[in-house]
Amino acid sequence: MTVKKASVKTVAPRTLKVDYLTRVEGEGGLYVRVEDGAVRDVKLNIFEPPRFFEAFLRGRHLQEVPDIAARICGICPVAYQMSAVHALEAALGVKPGPEIRALRRLLYCAEWMESHALHIYLLHAPDFLGYESGVALAAEHPKEVERGLRLKKAGNRLLELLGGRATHPVSVCVGGFYKTPRKRDLLALRSELEWALGAAEETAQWVAGFQFPKFEAEYEFVCLSHPDEYPMNEGRIVSSDGVDVAVTDFEKLFKETQVKHSTALHSVRADRKTSYHVGPLARINLNFEKLTPRAKAAAKASGIGWPSRNPFTSIVARAVELVHACEEALALMDAYQEPERSRVECSLRAGEGAAATEAPRGTLYHRYRINDQGLVEYAKIVPPTSQNLHRMEDDLRLFLPGVLERPEAEITAMCEQLIRNYDPCISCSTHFLKLKVDRG
Amino acid sequence: MAAGNNGSEKPRLAVFKFASCDGCQLALLSLEDELVALAGAVEIAYFLEARTQTSEGPYDVALVEGSITTPEDRQRIQEVRRQAKYLVTIGACATAGGIQALRNWKDVEEFTRTVYATPRYIETLAESLPVSAHVKVDFQLNGCPINKYQLLEVLTALLIGRTPHLPAHSVCVECKRRGAVCVMVAQGTPCLGPLTHAGCGAICPAFRRGCYGCFGPMEAPNADALTTQLQAAGATPEQIVRMLRGFTGFAEAFRKASERWEKTSP
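A quick note: this is a predicted structure, and the numbers were derived from the prediction, not measured. (Residues numbered from 1 in each chain as written. Chains lettered and ligands numbered in written order. Predicted model: local features only at pLDDT ≥ 70, side-chain atom pairs only at ≥ 80, totals over all residues.)

Details of the nonpolar core
Rules: Core membership is restricted to buried Ala, Val, Leu, Ile, Met, Phe, Trp, Tyr and Cys residues, and these are joined into a nonpolar core through C-beta atoms within 7 Å. Put simply, a residue is buried when 20 or more other C-beta atoms lie within 10 Å of its own C-beta and exposed when 12 or fewer do; between those, it is partly exposed, and each C-beta is set from the backbone.
Of all hydrophobic cores here, the largest spans 201 residues; its most connected members are Met113(A), Val320(A) and Val64(B). Grouped together as the second largest cluster of nonpolar side chains are 16 residues, Val32(A), Phe47(A), Met392(A) and Leu418(A) included.

Focus: the sheet that holds strand E14 (residues 376–382) of chain A
All names here are of chain A. The line we're drawing: Paired strands, as defined in this entry, are two strands with at least two bridges between them according to DSSP. Helix numbers and strand numbers start at the N terminus; a helix is a DSSP run of H or I with at least 4 residues, a strand a run of E with at least 2. All axes here are fitted lines through C-alpha atoms, helices being fitted over the stretch that makes contact, and every angle between N-to-C directions spans 0 to 180 degrees. Contacts are defined on C-beta atoms placed from the backbone: any two residues whose C-beta positions lie within 7 Å are in contact.
Read from one edge of the open sheet, three strands run E12-E13-E14, paired in antiparallel fashion. Here the strands that pair on one side only, and so sit at the sheet edges, are strand E12 (351–359) and E14. Between one strand and the next, the sheet's axes are offset by a mean angle of 15°, whatever the strand orientation. Strand direction decides the pairing type here: strand E13 (residues 362–370) and E14, joined by six bridges, are antiparallel. Counted as the bridge partner of arginine 367 is lysine 380 from E14. The strands touched by helix H3 (residues 77–92) within the sheet are E12 and E13, with E12 carrying the most contacts at an inclination of about 150°.

Describing the environment of Ala301(A)
All names here are of chain A. Along the polypeptide, alanine 301 turns up in helix H11 (residues 293–301). Judged by C-beta crowding, with 13 C-beta atoms within 10 Å, alanine 301 ranks as partly exposed. Separated by 97 residues in the primary sequence, alanine 301 and alanine 204 have C-alpha atoms spaced 8.9 Å apart.

Here we look at the sheet that holds strand E5 (residues 139–141) of chain B
All names here are of chain B. The five strands lie next to each other as E2-E1-E3-E4-E5, forming an open sheet whose pairing is parallel. Each edge of the sheet is formed by a strand with only one pairing partner; in this case those strands are strand E2 (43–47) and E5. Across the sheet, the axes of successive neighbouring strands diverge by a mean angle of 20°, strand direction being ignored. Bridging between strand E4 (residues 84–90) and E5 involves three bridges; their strand directions are parallel. Bridging from a neighbouring strand, valine 88 pairs with phenylalanine 139 of E5. Taken strand by strand, helix H3 (residues 71–83) contacts strand E1 (12–17), strand E3 (59–65) and E4, and its axis lies near 130° from that of E4. Contacts from helix H6 (residues 148–160) reach E3, E4 and E5 within the one sheet, and its direction differs from that of E5 by about 160°.

A short note on the pairing of E4(B)
Cut-off, in case you're wondering: Looking down the strands as they point away from you, a crossover is right-handed if its path from the first strand over the helix to the second goes clockwise.
With five of its seven residues buried, E4(B) lies for the most part within the structure. Taking the sense of rotation as the criterion, the β-α-β connection linking E3(B), H3(B) and E4(B) turns out right-handed.

A word on H3(B)
All names here are of chain B. Heads up, the rule is: One less than the residue count of a helix, multiplied by 1.5 Å, gives the span that helix is expected to have. Taken from the helix axis, the directions to the C-beta atoms give the arc we talk about.
The end-to-end C-alpha separation of H3 is 19 Å, in line with the 18 Å expected for 13 residues at 1.5 Å each. Here H3 has its buried residues at Asp73, Ile77, Val80 and Gln83. Seen end-on, H3 carries its buried residues on one side only, within an arc spanning 120°. Set apart from the buried face of H3 by more than 90 degrees, the exposed residues are Pro71 and Gln75. Its buried side turned inward, H3 meets E1, E3 and E4.

Okay, structure coming up:
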């Protein structure tokens with residue numbers, strides 16, 4: 001039987017092996033070796049087959065890039081579309097107007113709602129409450145799971161209105177949108193969004209009551225930061241260690257390295273080769289004051305001390321961002337004015353452009369070089385999960401010594417829960433390698 | 001031909017992933033109103049994205065997402081076939097090879113060198129092929145991504161033992177039914193709608209852009225007629241090749257048409 005199982009196997013007395021991590025997007029495994037009570041080796045094994053996006057994007061027209069890049073991830077396609085259009089607009093020297101900018105933010109809010117609700121309710125909450133799946137959770141907590149599914153649906157309905165469908169929406173183009181919505185159609189969703197805002201607050205209250213394993217780490221949190229708003233589509237790259245640089249310096253600051261016997265390229269600080277942490281926890285820790293009023297209130301009411309260095313509290317951070325996304329979506333809907341033109345003219349020129357946006361699971365960086373025919377000559381994509389992978393391994397190294405005395409099944413469950421803190425999207429496989437064990 | 005076992009046991013559903021973005025299996029979790037009922041009607045025996053517990057085959061219905069791109073996956077799909085009474089491919093990757101099938105016209109070793117610093121760590125096949133190139137497929141669902149209601153229709157039909165009712169016509173029919181304005185006639189925008197399998201609801205024309213063929217070719221499409229018309233309207237052979245080589249570019253009708261046009265470009 002080679003159809004692999006998610007079960008834990010004892011390979012040697014002190015070796016933990018999880019063949020398939022479950023309740024994550026995409027497929028990966030975990031390998032841990034312990035000798036004399038010390039953790040000797042931790043490997044996140046990513047066997048997601050490579051799909052070579054950066055290679056086959058070459059020669060494609062820039063207007064095809066948002067649609068193609070979306071297919072890197074079925075959970076957060078809007079993030080890929082947003083980073084792509086902003087990078088390509090930078091290459092063309094084009095800047096869409098404020099209405100387009102606001103509408104893109106609304107689209108991003110919808111994706112945060114859908115993705116965060118999915119992760120909180122169906123993938124992560126079962127860990128805290130001792131269930132093996134969202135479906136099992138639903139059997140005993142139907143009210144909560146129904147709330148989660150309706151929240152997810154509210155995000156999806158907004159995505160469908162703005163983009164035609166929730167997964168791989170079709171409305172986004174370089175320069176703006178193929179078509180912008182009517183105000184009355186947006187307002188038709190208003191009452192559902194109002195319900196969602198209340199439900200998001202209940203979500204934050206619910207997850208704040210979970211038991212969080214006692215664990216903290218000295219993280220370098222990294223995300224975008226904007227002077228006036230919670231980061232989504234633009235801003236500077238900042239970190240809790242004092243970094244504050246333009247997005248165009250991303251590749252000077254961070255470098256993707258290949259670790260021997262590792263399964264994936266790890267993004268690290270270029271200068272000191274250390275790991276860093278991207279995602280909702282980083283965003284809240286570094287942008288607390290930019291949260292909407294009700295999101296800020298939910299964060300304060302949670303009882304978590306912000307900034308939080310406990311990665312298990314990321315589920316609360318995600319719920320607070322769910323409140324933020326609903327509240328901001330309502331404000332954007334109310335302020336929305338139908339633009340006269342759905343997109344700005346883009347005249348072709350050769351050039352290069354980079355952009356980073358905040359995907360639900362963290363900073364997503366794109367850089368493209370195009371020729372004067374509008375064809376891509378070079379593409380680089382750094383997904384949030386490849387930035388968090390090194391950090392996940394570091395977390396496991398720190399976390400494991402404290403739980404080694406427990407039964408193996410329990411250790412494994414806790415390790416998986418720790419990995420799920422990062423909402424890893426392993427299908428973002430642009431940079432994942434296949435593990436090859438060196439037996440020499 | 002009901003997929004369920006006789007007696008009280010619930011039919012067993014499994015979901016397998018190969019090279020893909022997860023977007024099609026997400027359709028199951030996006031059945032927000034039906035998910036809990038579905039989980040009551042079937043045993044979700046293997047679905048790594050959704051649950052930790054898994055149970056061994058055989059399965060009544062196996063949903064397969066993703067294309068076959070590695071030597072290991074070439075073996076694994078054989079095992080999935082052995083374990084599955086009905087094997088249903090979900091989406092453009094499993095059904096047509098997906099966007100990653102663009103490698104099929106290129107040198108995959110050059111691709112590997114381009115993306116990875118140490119290419120020798122990468123094990124991959126020269127081509128990204130649909131599941132049907134490796135094993136018998138009982139039913140195919142088109143789309144990049146699939147339409148979740150079509151998935152529900154296929155599951156329901158298999159569970160009660162009838163043939164799934166899915167439209168076989170082109171996107172053009174959906175476009176007319178929706179009352180959308182034809183983007184080719186009104187705006188001169190190139191559109192693959194006349195060749196493409198229905199199922200999306202003609203969303204691209206409704207958003208004033210041309211269909212990019214993500215549901216793949218319909219039965220007996222006339223690619224020559226459409227692409228000749230596109231050229232007459234000003235598209236270059238290179239543009240026509242790119243249009244045909246999208247998310248379902250390796251599906252036979254699109255592949256043959258793009259290869260014909262490639263020969264005409266200088």
